[in-house]
Amino acid sequence: MKVAIVAPSGVPFVWGGAENIWKGLWLALNQQASVTAELIKLPSPEHDFWAIIQSYQNFADLDLNHFDLVISTKYPAWMISHPRHVLFMQHTLRGLYDSYPSHLSKSTSHLAQKIPELSRILNTPKPNRAHLSECFNELQRIKALHILDQQDTALPSPLLRAIVHFFDAVALAPGQIMRYTAIAHEVANREEYFPKNIKPEVLYHPSSLPQAGIIADTQLAPIFTASRLDTPKRIDLLIKAYCKSGVKTPLRIAGTGPQNAALQKLIPQNSGITLLGHISEQQLAQEYANALFVPFIPEHEDFGLITYEAMIAGKAVLSCTDSGGVTELVKDMENGLLVKPECDDIARAIKKLCSDPKLCSQLGQHAYNTVKEISWPVLAKELLNLHKQYQPKIMVLNTFPIYPVVSGGQARLYHLYSQLSMLGYSIEILNLDFNTSTVKSRHLNENFIEVLIPIGEEFKKKLNIEEKRLNISCVDWLAAQHPELLPEWQAEIKRRAPWASLVICSHPYAYPVMTQAGVKEWLYEAHNVEADLKAQIYQQHPQEALQIKELESQCAQGAQHIICCSSEDSLRMQALYQIPDNQFSVIANGADIQNIKYLDQAGRKAIRVQMGLEPTNNISLFMGSNHGPNIEAAEQILSAAEQDISLQYIILGSVADAFKQRKTPNNVRFLGVVSQAEKQLWLKIAFIALNPMLNGSGSNLKLIEYAAAGLPIISTEFGVRGTKLMAGVHYLNTKNLANTIANTLKTPDLQLDTMTNKAMKYIKSELSWQGLAEEYQKTIKHGLSKIKSKGESILLAPSLPESSSASYLC
C-alpha cells in the first residue's frame, strides 16, 4: 500500500508540533507490513491574503492518485482531492475560526456589489469541486483587475474568512473525506471545524522525540518547559507566576517565536530563568529527563505535544483549566496539577511542586502510566484501519463510461448510483474508456466518482480482429475473454478493493478481472439475462453465446445476491442457473423525473408553435442503441413509415449505425446519438412514442422516459416487460404498428391526455430513480450485514496472483 502524508511547509520554516507528527507518522507507517509512505510538503506562506489563497490552490491542483491513500492533518493540505482521504485534524487556520477577532464582522455583504460573482459562489449552500474551480478562476480575475483594496484583503478580514471557510467546506465535505479523526476532543468539539453532524474519532498521537539512552541528571532537577514563544502559549504568564512564587528552582524554557524579545525584557536579572532558544531533539529529551516537573499553560491548545513528551518522560505537568487538549491527559492531583489561568494560582502551584519533590515523583509515575499506551505503531494501524469509514464505500465494475448519458445502460448506472450516493454511500464506478491514456477520476456528484480506465493498444488490436470475425460489437465480451490485456483495470480494482465495503459487478463481463484481482464477495447487477440477449446477437456464433452463458452462470452463482431489472428476468435466471429466489431482488429501471417535464397534447402543440412548426405537425419518436432488439424494432418502424407518409418518424441513438447503408423512406430521420438537451426537446415536441419491441431482456428504459414525458406510447406487450403499465390504461397495445399509428392519429387529445397522465403518475410513484435507490439501499444493507456477520475479510483472498495471462473461457 502506498500512502502519502500531505502537509504544508511553513514559510519561513519552523519546527513545531505539526512537523513532529508528520515525521513520527511517516516513520511509523513505513514500519508497517506492506506499506510504503511518503511525506509530501508544499511551501505554504501565510504572509498575505493572496498567498493563503494560492497555497490552497496549489494543494487543490496536486494529483496524488498514484497513491492508494492520503492522510492530511492541516490546512491547506486537505484541499487535495483523492478518493481515499483520511483526515487526522490538528486544526484549521485558527485566526479565521475560533481565534477570529471578536471586534471584526463576519459578514461580507458590504462587498456584494464590488464582487458579485465571488459573493454568489461563496454563498453556495453545499459547495463542491466544480464551485471550487469557479472560485479560483474568479479570484484570479479579481486579483488581475485589482478590484479589492487593502482593507478588503487585510489579515484577518471578513472576506478572507469567508473564502477559507468556503475552501474548507469543499475539502472536508463527506464525499471528499473517507474518515474523520482528530488529535484531541478539544479539536473534535470546536464549532465549524467539521461538517454538520460529523463526529470525528479522537486518536492521540505520541512524539517522535528519542527516549532511548536518556539518563536523568538528578543533581539539576530544574523546572523545564518547551514551547513556541507566541501569545497563545502564555509564556509571559508563566514567567510572571514563577517570579511571584519566590522559588529558587531554575526555570528553563526552550523554543523560539515572535515573543522572544518581549519575554527577554520581562525576565528580571538573576531570576533563575533561562531562555534556551532552539535546542536539538537530543537536548530536549535530556531536559525533560532532568526536570522536576513541566509547566505548560497554553490557552485552548489543540492537544499539546509538550504534555505527552513530559508525561512519557515520567514528569508531572502543571497546566490550566482552559488549556484545551492538555486537560484531556492531565488530571489534577493524579498525574499533575490543573489550576485556574491566574498568576496567583499558577504561582502557588509552582511553589507546591518545588517544595515537594516526592509529590512530583508520584505524579510523574502516574503521568507515565497515563500515556504509555499511546504509540506510533498503534496510531499508524488505526489510521490504516480499512473498516472505519464515515460512509460505506461501494465499488461498481463496468465496461463503458456512463457520462455523458446517451444509452439506457448509461442512464441506469448514472442515475441509480447517483441517487444511491445521496443516501450515505460513497460510490466509485470503474469503467473502461477508449478516450483516455491514463487512469482518470471525475466527480459525477459529491459522493460519486467515475474512474476511467485506459484501453491499451493490444486490446484494441485484438478487438479489431474479433469484431471483423464476428461482425458484432464485442468490447464487453473481449474484456471477459482477455482480462490480461487490461492490466490497468485489474490494478485499479486490486488497489481500491481493500477500502470497499461492497463490490458490485454490473454486467458479468468484469467477473474474470474482478476475481483475478482478489475480490471474493460481490453483488451481481444483471441489466439483462445476458445468456438470452447474447444468444440473439450471437446467432451466427453459438460457441461464443454458450461461453457467455457460462460466464453469467459463474458470476451469478458466486454472488452474494443478484439484482435484476424485472421480475421476468429474475424468474428466468432462477430457472436457468438453479439459484433460489431469495438470492434475487428486482430494482427496475426508472426515469429522471426531476429533469423530464410532463406535457399534455396542448403543451406539445404550443412548443411546436414556438419553434415555428405547424401545431398539427405529427412527429413520432423512437430511441435505441445499436442493439439487436432495437434494430428489429426500427425495421418495423421503417415498414410502418412506408405505409403512412403523414407522420414524421424521428429515430435517436446509435441504432442509426445499423442503417447507414440502407435507403430509408423520406419521412424517416435517423439522427444518431444526440445530447441530453436535444433528446429532451424531442420528448417535448413529439406527438407519439413508438416501442415495437419483440425481443430483449431487462426492462425498457426508453418506455419509462416516454411515460414520464407524457408521450402517448404505442408498444407491444413484450415492450412493457418489467413494468406494471397496462394496455388501454397506460399505453396503446400494438400487433400491427401501421394500423395502431393510424388509429392513434384519430384519437382525441383528451383521451390521449387521460392515458398519459395515468402513465406519468405511475412512473412518479413507482419508478423514480430516487425511489428505486431507496429500494436498492435495502438490498445493499442486507448484503453488507451478511458479509459482516461472517466476521472475515470483506474482499481480498489471502494470496492471489497479480494477473493471469490465460484467456477466460477460450
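Residues numbered from 1 in each chain as written. Predicted model: local features only at pLDDT ≥ 70, side-chain atom pairs only at ≥ 80, totals over all residues. Heavy atoms only, no water.

Draft legend 1. Structural context of the overall build of the protein. Counting secondary structure elements, the protein contains 28 helices and 26 strands. Seen along its three principal axes, the alpha-carbon backbone of the protein occupies a region of about 110 × 60 × 45 Å. Taking contacts inside the protein between residues at least 6 apart in sequence as the whole, the part at least 24 apart equals 68%. For the protein, the exposed surface amounts to about 34,100 Å²; the carbon and sulfur share of it is 51%. Distance from the positive charge centre (75 side chains) to the negative charge centre (77 side chains) of the protein: 2 Å. (Helix = DSSP H or I, 4+ residues; strand = E, 2+ residues; numbered from the N terminus. Contact = heavy atoms within 4.5 Å. Areas by Shrake-Rupley, 256 points an atom, 1.4 Å probe, with all protein chains shown as cover. Lys, Arg positive; Asp, Glu negative; His and termini not counted. Charge placed at Lys NZ, Arg CZ, Asp CG, Glu CD.)

Draft legend 2. Looking closely at the packing of aromatic side chains. Per the stated rule, a full pass over the model turns up 13 aromatic pairs. Ring geometry for Tyr204 and Phe303: centres 5.4 Å apart, planes at 20°, overall stacked. With Tyr204 in the loop between strand E6 (201–202) and strand E7 (223–226) and Phe303 in the loop between strand E10 (294–295) and helix H10 (305–312), the pair connects residues that are 99 residues apart, well separated along the chain. Residue class for Phe303 comes out buried when judged on its relative accessible area of 1%. Seen in terms of ring centroids, Phe659 and Phe670 are 5.0 Å apart; in terms of plane orientation they differ by 15°. Their pairing is stacked. Of this pair, Phe659 sits in the loop between strand E22 (648–652) and strand E23 (668–672) while Phe670 sits in strand E23; the two residues are eleven residues apart in sequence, bridging distant segments of the chain. In this structure, Arg84 is placed above the aromatic ring of Trp499, and the distance from its NZ or CZ to the ring centre is 5.6 Å. Its guanidinium or amino end placed over the ring of Tyr100, Arg161 lies 5.5 Å from that ring's centre, counting from NZ or CZ. (Phe/Tyr/Trp six-rings, centres within 6.5 Å; stacked < 30°, edge-to-face > 60°. Buried < 20%, exposed > 50% of the residue type's maximum accessible area, 1.4 Å probe, protein only. Lys NZ or Arg CZ within 6 Å of the ring centre and 35° of its normal.)

Draft legend 3. Local environment of the nonpolar core. If you look at the biggest cluster of nonpolar residues, it comprises 106 residues, and the most contacted ones within it are Leu29 and Phe167. With nine residues, helix H5 (residues 158–171) is the largest single contributor of residues to this core. Residue contacts for Phe167: discarding those within four places in its chain leaves Ile53, Tyr56, Met79, Leu132, Cys135, Phe136 and Leu139. Listed in part, the 81 residues of the second largest apolar core include Trp682, Leu701, Ala738 and Tyr762. (Core = buried A, V, L, I, M, F, W, Y, C linked by side-chain atoms within 4.5 Å.)

Draft legend 4. Structural view of the sheet that holds strand E25 (residues 713–715). What the six strands build is an open sheet, ordered E23-E22-E21-E24-E25-E26; its pairing is parallel. In the strand order of this sheet, the two ends are held by E23 and strand E26 (732–733), each with one partner. Relative to the sheet, helix H24 (residues 676–685) contacts strand E21 (619–623), E22 and E23, its axis offset from that of E21 by approximately 140°. (Pairing = 2+ DSSP bridges. Axes fitted to C-alpha atoms, helices over the stretch in contact; angles between N-to-C directions.)

Draft legend 5. Representation of helix H21 (residues 567–577). Turning to H21, its buried residues number three or more, namely Asp569, Ser570, Met573, Gln574 and Tyr577. All buried residues of H21 fall inside an arc of 135° around its axis, so they share one side. (Arc of directions from axis to C-beta.)

Draft legend 6. Expanded view of the packing of helix H19 (residues 530–537) against helix H20 (residues 542–558). The interhelical angle for the contact between H19 and H20, taken along N-to-C directions, is 170°, at an axis separation of 9 Å. Viewed along their axes, H19 and H20 adopt a mutual orientation that is roughly antiparallel. Between H19 and H20 the crossing geometry is right-handed. Listed contacts from H20 to Glu530, Ala531, Lys534 and Ala535 of H19 are Ala545, Ile548, Lys549 and Glu552. Looking at the contact of H19 with H20, its residues break down into four nonpolar, no polar and four charged. (Parallel < 35°, antiparallel > 145°, perpendicular 65-115°, else oblique. Left-handed = near helix turned anticlockwise from the far one by under 90°. Nonpolar A, V, L, I, M, F, W, Y, C, P; charged D, E, K, R; others polar.)

Draft legend 7. Local environment of the sheet that holds strand E14 (residues 426–433). Strands sit in the order E15-E16-E14-E13-E17-E18-E19-E20 across an open sheet of eight strands; the sheet is mixed. The two strands at the open ends of the sheet, each matched to only one other strand, are strand E15 (440–445) and strand E20 (584–586). Mean inter-strand twist for the sheet, computed between neighbouring axes without regard to direction, equals 25°. The pairing of strand E19 (residues 561–564) with E20 spans three bridges and is parallel. If you follow Cys564 over to E20, its bridge partner there is Val586.

Draft legend 8. Spotlight on the pairing of strand E16 (residues 448–454). Across the seven residues of E16, seven count as buried, placing the element largely inside the fold. Of the two faces of E16, the one holding Phe448, Glu450, Leu452 and Pro454 and the one holding Ile449, Val451 and Ile453 are both buried throughout. Examined bridge by bridge, E15 and E16 share five bridges and lie antiparallel to one another. Residue Asn445 lies in a different strand from E16, and its bridge partner there is Phe448. Counting the residues that bridge the hairpin from E15 to E16 gives two residues.

Draft legend 9. Layout of the side chain of Thr92. Structurally, the position occupied by Thr92 is in the loop between strand E4 (85–91) and helix H3 (116–122). Classification of Thr92 by relative accessible area gives buried; the value is 1%. Engagement of the side chain of Thr92 in a polar contact is seen with the side chain of Tyr193, the distance being 3.5 Å. Excluding anything up to four places from it in sequence, Thr92 contacts Tyr75, Trp78, Tyr97, Asp168 and Tyr193. (Polar contact = N/O pair within 3.5 Å; in protein donor to acceptor, adjacent residues only side chain to side chain.)

Draft legend 10. Highlighting the environment of Gly213. Relative to the helices and strands, Gly213 is located in the loop between E6 and E7. For the pair Gly213 and Ala285, spaced 72 residues apart in sequence, the C-alpha to C-alpha distance is 9.9 Å.

Draft legend 11. Up close: unusual backbone geometry. For the bond from Tyr75 to Pro76, the omega torsion is -15°, close enough to zero to count as cis. Of note, Pro76 is situated in the loop between strand E3 (69–74) and E4. Of note, the bond from Tyr403 into Pro404 is cis; its omega dihedral lies within 30 degrees of zero at 0°. The phi angle at Met333 is positive, at roughly 60°, despite the residue not being glycine. Take Met333: it is sitting in the loop between strand E11 (317–320) and strand E12 (336–339). Phi at His507 takes a positive value of approximately 75°, unusual for a residue other than glycine. Summarising the element assignment, His507 is placed in the loop between strand E17 (502–506) and helix H18 (511–516).

Draft legend 12. Structural detail: the state of the cysteines. Under the definition given, this model contains zero disulfides. Free cysteine: Cys354, not disulfide-bonded; nearest cysteine sulfur from Cys360 at 7.0 Å. Classification of Cys354 by relative accessible area gives buried; the value is 15%. A disulfide-free cysteine, Cys564 has its sulfur positioned 7.3 Å from the sulfur of Cys565, the nearest such atom. You can call Cys564 buried: its relative accessible area is 0%. (Disulfide = S-S within 2.5 Å.)

Draft legend 13. Spotlight on the pairing of E21. The buried count for E21 comes to five of five residues, which makes it a mostly enclosed element. Of the two faces of E21, both are covered, the one formed by Ile619, Leu621 and Met623 as well as the one formed by Ser620 and Phe622. Where E21 lies against E22, five bridges are found, and the strand directions are parallel. Residue pairing for E22: Ile619 is matched across the bridge by Gln648. Handedness of the crossover joining E21 and E22 through helix H23 (residues 628–643): right-handed. Of the strand pairs in this sheet, E21 and strand E24 (residues 688–691) are connected by two bridges, and their pairing is parallel. In the sheet register, Ser620 faces E24, and the bridge partner there is Ile688. (Right-handed = clockwise from strand over helix to strand, strands pointing away.)

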